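So you can see what is in the structure, the chains are spelled out below.
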Amino acid sequence: MPSTMEITNVTEFEAIAKEKLPKMIYEYYASGAEDQWSLKENRNAFSRILFRPRILIDVSEIDLTTTVLGFKISMPIMVAPTAMQKMAHPEGEYATARASAAAGTIMTLSSWATSSVEEVASTGPGIRFFQLYVYKDRNIVIQLVRRAERAGFKAIALTVDTPLLGRREADIKNRFTLPSHLTLKNFEGLNLGKLDKTSDSGLAAYVAGQVDRSLNWKDVKWLQTITSLPILVKGVLTAEDTRIAIQSGAAGIIVSNHGARQLDYVPATIMALEEVVKAAQGKVPVFLDGGVRRGTDVFKALALGASGVFIGRPVVFSLAADGEAGIRKALQMLRDEFELTMALSGCRSLKEITRDHVMTEWDRPRVAPRL
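Quick caveat, the model's predicted, so the values are computed rather than measured.

Details of the overall build of the chain
Okay, so step 1: Within the chain one finds 13 helices and 12 strands.
Okay, so step 2: Relative to its length of 371 residues, the chain is compact, with a C-alpha radius of gyration of 20 Å against a globular reference of 21 Å.
Okay, so step 3: The principal-axis extent of the C-alpha atoms belonging to the chain is close to 75 × 50 × 40 Å.
Okay, so step 4: Looking at the chain as a whole, 56% of its 371 residues are labelled buried.
Okay, so step 5: By sequence separation, contacts in the chain at least 24 residues apart represent 72% of the contacts at least 6 residues apart.
Okay, so step 6: Only carbon and sulfur atoms are counted for the fraction: they give 53% of the accessible area of the chain, which is about 15,800 Å².
Okay, so step 7: The average position of the 46 basic charges and that of the 41 acidic charges among the side chains of the chain differ by 2 Å.

As for the UniProt feature "binding site: glyoxylate" (unreviewed entry) in the chain
Okay, so step 1: What UniProt calls "binding site: glyoxylate" (unreviewed entry) maps, in this numbering, to Tyr28, Tyr133, Arg168 and Arg261.
Okay, so step 2: With respect to the helices and strands, Tyr133 occurs in the loop between strand E6 (128-132) and helix H6 (138-150).
Okay, so step 3: Look at Tyr133 and you get buried, because its relative accessible area is 6%.
Okay, so step 4: In this view, Tyr133 contacts Ser111, Trp112, Thr159, Thr162, Val211 and His258; residues no more than four positions away in its chain are not counted.
Okay, so step 5: Considering the arrangement of structural elements, one finds Arg168 in the loop between strand E7 (155-159) and helix H7 (169-174).

Side note on the packing of aromatic side chains
Okay, so step 1: With the rule as written, the count across this model stands at 11 aromatic pairs.
Okay, so step 2: Seen in terms of ring centroids, Phe51 and Phe299 are 5.4 Å apart; in terms of plane orientation they differ by 85 degrees. Their pairing is edge-to-face. Of this pair, Phe51 sits in strand E1 (residues 50-51) while Phe299 sits in helix H12 (residues 295-303), and the two are 248 residues apart along the sequence.
Okay, so step 3: Taken together, a centroid distance of 4.5 Å and an interplanar angle of 20 degrees make the contact between Tyr135 and Phe187 stacked. With Tyr135 in the loop between E6 and H6 and Phe187 in the loop between H7 and helix H8 (202-210), the pair connects residues that are 52 residues apart, well separated along the chain. Accessibility classification places Tyr135 together with Phe187 in one group, the buried group.
Okay, so step 4: In this structure an aromatic cluster arises from ring pairing among Trp112, Tyr133, Tyr135, Phe187 and Tyr206.
Okay, so step 5: Of note, Arg138 hangs over the ring of Trp222, and the distance from its end group to the ring centre comes to 5.3 Å.
Okay, so step 6: Between the NZ or CZ atom of Lys300 and the centre of the ring of Phe51, over which it lies, the distance is 5.3 Å.

Observations concerning the pairing of strand E11 (residues 308-311)
Okay, so step 1: The alternating pattern of E11 places Gly308 and Phe310 on one face and Val309 and Ile311 on the opposite face, and all of these are buried.
Okay, so step 2: Bridge analysis of strand E10 (residues 286-289) against E11 gives three bridges, and the strand direction is parallel. Opposite Phe287, over in E11, you have Gly308 as the bridge partner.
Okay, so step 3: Crossover handedness for the path E10 to H12 to E11: right-handed.

Quick look at unusual backbone geometry
Okay, so step 1: Even without glycine at this site, Leu56 takes up a positive phi of about 55 degrees.
Okay, so step 2: Tracing the chain through its elements places Leu56 in the loop between E1 and strand E2 (66-68).
Okay, so step 3: With a relative accessible area of 86%, Leu56 lands in the exposed category.
Okay, so step 4: A positive phi angle, close to 50 degrees, is found at Gln281, a residue other than glycine.
Okay, so step 5: Inspection of the secondary structure puts Gln281 in the loop between helix H11 (269-280) and E10.

Section: the pattern of salt bridges
Okay, so step 1: Taken as a whole and assessed by the stated rule, the structure comprises 17 salt bridges.
Okay, so step 2: Among the salt bridges present, the one from Glu41 reaches Arg48, with a minimum N-O distance of 2.5 Å.
Okay, so step 3: Note on Glu41: relative accessible area 10%, which makes it buried.
Okay, so step 4: A relative accessible area of 30% means that Arg48 is categorised as partly exposed.

As for the packing of H12 against helix H13 (residues 313-345)
Packed helices, taken two at a time, are described by their axes: the angle between them and the distance between them.
Okay, so step 1: Following both chains from N to C, one finds H12 and H13 inclined at 60 degrees, their axes separated by 7 Å at the closest point. By the criterion of interaxial angle, the relationship of H12 to H13 is oblique. Once H12 is placed against H13, the crossing between them reads as right-handed. Contacts between H12 and H13 involve Gly295, Thr296, Val298, Phe299 and Leu302 from the former and Leu334, Glu337, Phe338, Thr341, Met342 and Ser345 from the latter.
Okay, so step 2: Of the residues belonging to the contact of H12 with H13, the class tally is six nonpolar, four polar and one charged.

Quick look at the packing of helix H10 (residues 239-247) against H11
Okay, so step 1: At their nearest, the axes of H10 and H11 sit 8 Å apart, and the two run at 40 degrees to each other. Taken as axis vectors, H10 and H11 run oblique relative to one another. Once H10 is placed against H11, the crossing between them reads as right-handed. In contact with Ala239, Glu240, Thr242, Arg243 and Ile246 of H10, H11 contributes Glu275, Val276, Ala279 and Ala280.
Okay, so step 2: Within the contact of H10 with H11, the residues separate by chemical class into five nonpolar, one polar and three charged.

Scoring rules and cut-offs
Residues numbered from 1 in each chain as written. Predicted model: local features only at pLDDT ≥ 70, side-chain atom pairs only at ≥ 80, totals over all residues. Heavy atoms only, no water. Helix = DSSP H or I, 4+ residues; strand = E, 2+ residues; numbered from the N terminus. Rg over C-alpha atoms; globule rule 2.2 N^0.38 Å. Buried < 20%, exposed > 50% of the residue type's maximum accessible area, 1.4 Å probe, protein only. Contact = heavy atoms within 4.5 Å. Areas by Shrake-Rupley, 256 points an atom, 1.4 Å probe, with all protein chains shown as cover. Lys, Arg positive; Asp, Glu negative; His and termini not counted. Charge placed at Lys NZ, Arg CZ, Asp CG, Glu CD. UniProt positions renumbered as here; feature names shortened; annotations may be inferred. Phe/Tyr/Trp six-rings, centres within 6.5 Å; stacked < 30°, edge-to-face > 60°. Lys NZ or Arg CZ within 6 Å of the ring centre and 35° of its normal. Pairing = 2+ DSSP bridges. Right-handed = clockwise from strand over helix to strand, strands pointing away. Salt bridge = Lys/Arg side-chain N within 4 Å of Asp/Glu carboxyl O. Axes fitted to C-alpha atoms, helices over the stretch in contact; angles between N-to-C directions. Parallel < 35°, antiparallel > 145°, perpendicular 65-115°, else oblique. Left-handed = near helix turned anticlockwise from the far one by under 90°. Nonpolar A, V, L, I, M, F, W, Y, C, P; charged D, E, K, R; others polar.

The following block contains the structure:
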């Protein structure tokens, strides 16, 4: 097992996290739904996309900056919402917030964080989005969104793929529950901050009891009546839903399969991306999460039309391995790899990354011109 000093890529944090964390906690973060086919496919699919690098281009200066919903960030690599980060490290979401701000990028805070929106805001400046689960009690939703607004959060990432929790068998075997010294801080005052110990997954029981499975497109419209924040619809995998999301007023789309933790046998997000991008027709930005572990993955997503990517598990595992410093290192490694990929592909800015820089299984064979 490498020490954090010897780590050379973000994937290596996972082995350290596995060593450090209790089995129940590591398996909660690591596992996917059912057979975990989509979990493996999220990674494997990237390896089937190859580069078409352009050479002899002056790449002495490379600009990675971009804007997301009008906010300037240092790179198109952002932090996805992941729940209950204090299970990974005592500083939890505080460390994630500080590391994200230091890297000059956006952090998305989970509804199910072990630190509240106010606590995360207190860590200092930084661009932050709030991931929202819609509860059956809409007053809770209104309160939560208002608190996020007041705490300076800049957008809502509405998770739409979780009317029920996916079947995560490790959590069932381990009878997963939140360790007793922690609470879901955003719900503490509402007496919804604790998970019950059940005969299977405590989180699955919590979702079944609290999260609104009647959530539908009308509610996306409703959300816009209670907040002026832009809404990103997180969990879109098809052209059909992309078109409806845009009609419903979404400010952006996150192509996501929830880290392959919900419905198994959905495609890898990188495989669904191009369909969504084409359907969006440039009307709203499209982002991707799921399986991003290398700078090359980031480049592939952008070449296929994403405006940026979000990373989930690498943040949790680097947090477990070395706290804030671990996340800083993970973000820096991804940034460095992405910059190198750009240089070696002949791209000096994000707008120079084109569809012609990659080839996929579904591309028409390129016929060489006759000389």
